[in-house]
Each structure stands twice: as structure tokens, then as C-alpha cells.
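Each chain, letter by letter, is given below.
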Amino acid sequence: MRYSYEFKRKCVEMYHRGTYPETPKGISEWRFHKTVRHWVRLEEAQGPTALQHQCHNRVWAPEEKLRLVSQVIAGKAYAEIAIANGINSGRCINGYKNIK
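The shown structure was predicted, so the numbers you read here are calculated from the model rather than taken from an experiment.

**Brief notes about the nonpolar core**
Of all hydrophobic cores here, the largest spans 11 residues; its members are Tyr3, Cys11, Val12, Phe32, Val36, Trp39, Val40, Leu42, Ala50, Leu51 and Ile83. Within the residue set of this core, elements represented by two or more residues are α1 (5-16) and α2 (29-46). With five residues, α2 is the single largest residue contributor to this core. In this structure, tryptophan 39 is in contact with Tyr3, Phe7, Lys8, Cys11, Val12 and Leu51, ignoring residues within four places of it in sequence.

**Considering the pattern of salt bridges**
The tally for this structure, following the rule as stated, stands at two salt bridges. Arginine 9 is the salt-bridge partner of glutamate 13, the closest N and O atoms lying 3.2 Å from each other. Of this pair, glutamate 13 and arginine 9 both sit in helix α1, four residues apart, which is roughly one turn of the helix. Between glutamate 43 and arginine 9 there is a salt bridge; the shortest N-O distance is 2.2 Å. Of the two residues, glutamate 43 sits in helix α2 while arginine 9 sits in helix α1, which places them 34 residues apart along the sequence. For glutamate 43, a relative accessible area of 13% puts it in the buried group. The structure contains a network of salt bridges with shared partners spanning Arg9, Glu13 and Glu43.

**Describing α1**
Under the 1.5 Å per step criterion, the end-to-end length of α1 is 17 Å for 12 residues, consistent within 8% with the ideal 16 Å. Looking at α1, one finds that the buried residues are Lys8, Cys11, Val12 and Met14. Looking straight down α1, one finds its buried side chains confined to an arc of 165°; they lie on one side. Exposed and oriented more than 90 degrees from the buried face of α1 are Glu6 and His16. On its buried face, α1 sits against α2.

**A short note on α2**
An ideal rise of 1.5 Å per residue puts 26 Å on 18 residues; α2 measures up with 26 Å between its terminal C-alpha atoms. Buried within α2 are the following residues: Phe32, His33, Val36, Trp39, Val40, Leu42 and Glu43. On its buried face, α2 is in contact with α1 and α4 (78-85). Count one or two residues on from α2 and you reach glycine 47, which has phi positive near 95°.

So, how was this worked out
Residues numbered from 1 in each chain as written. Predicted model: local features only at pLDDT ≥ 70, side-chain atom pairs only at ≥ 80, totals over all residues. Heavy atoms only, no water. Core = buried A, V, L, I, M, F, W, Y, C linked by side-chain atoms within 4.5 Å. Buried < 20%, exposed > 50% of the residue type's maximum accessible area, 1.4 Å probe, protein only. Helix = DSSP H or I, 4+ residues; strand = E, 2+ residues; numbered from the N terminus. Contact = heavy atoms within 4.5 Å. Salt bridge = Lys/Arg side-chain N within 4 Å of Asp/Glu carboxyl O. Expected span 1.5 Å × (residues − 1). Arc of directions from axis to C-beta.

As C-alpha cells, this is what we get:
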């Protein structure tokens with residue numbers, strides 16, 4: 001399900017006040033709350049514009065890839081690296097599943 005930027009911002013604001021909006025139909029409450037917490041972390045790491053829909057895939061320079069891989073090798077959590085760099089945290093670098 002794709003949510004609008006305005007809806008995401010409203011959810012993040014409500015989260016900061018200690019509440020959640022009503023869970024949309026077709027999704028479990030647990031999954032929706034997890035999604036809202038992800039939006040909060042994403043906004044904290046990259047600012048409010050990170051919640052806007054991206055219309056393109058990012059092309060990574062070799063230096064950027066090396067920096068990301070180095071962070072993984074150093075033991076940093078995949079999800080932490082992903083959120084800080086605007087990558088879907090469900091997958092690790094280069095699209096391979098998170099094996100850890």
C-alpha cells in the first residue's frame with residue numbers, strides 16, 4: 001500500500017504525541033505501527049523529505065558502495081545503515097537478503 005506524504009507526516013506527528021492514527025483496512029495493526037516507527041526513524045535520520053515518494057532508483061558510485069560495505073564489515077546493523085542512507089532496510093546492499 002502506498003501512503004501519501006501528508007499521511008506519513010501526520011502519522012509521525014501523532015507518534016511523537018504518543019498516539020497512532022487508525023490502522024488502515026487490509027493491514028494488521030502490528031505491521032502498521034511498525035511502518036510508522038520506520039517512518040519516524042527515517043525522518044530523524046534524513047529529515048522530512050525522506051518520507052516523499054522517490055520516483056527513481058539511485059545510482060551508487062563505487063566509493064559510496066565501498067563506504068556502505070565497510071560499515072557492514074565493521075559490524076554496524078544493516079537496518080541502521082539502510083535508514084541512514086535511504087535504502088529499503090528489508091534488504092542489504094546490492095539486493096541480497098539480510099543473512100545475519
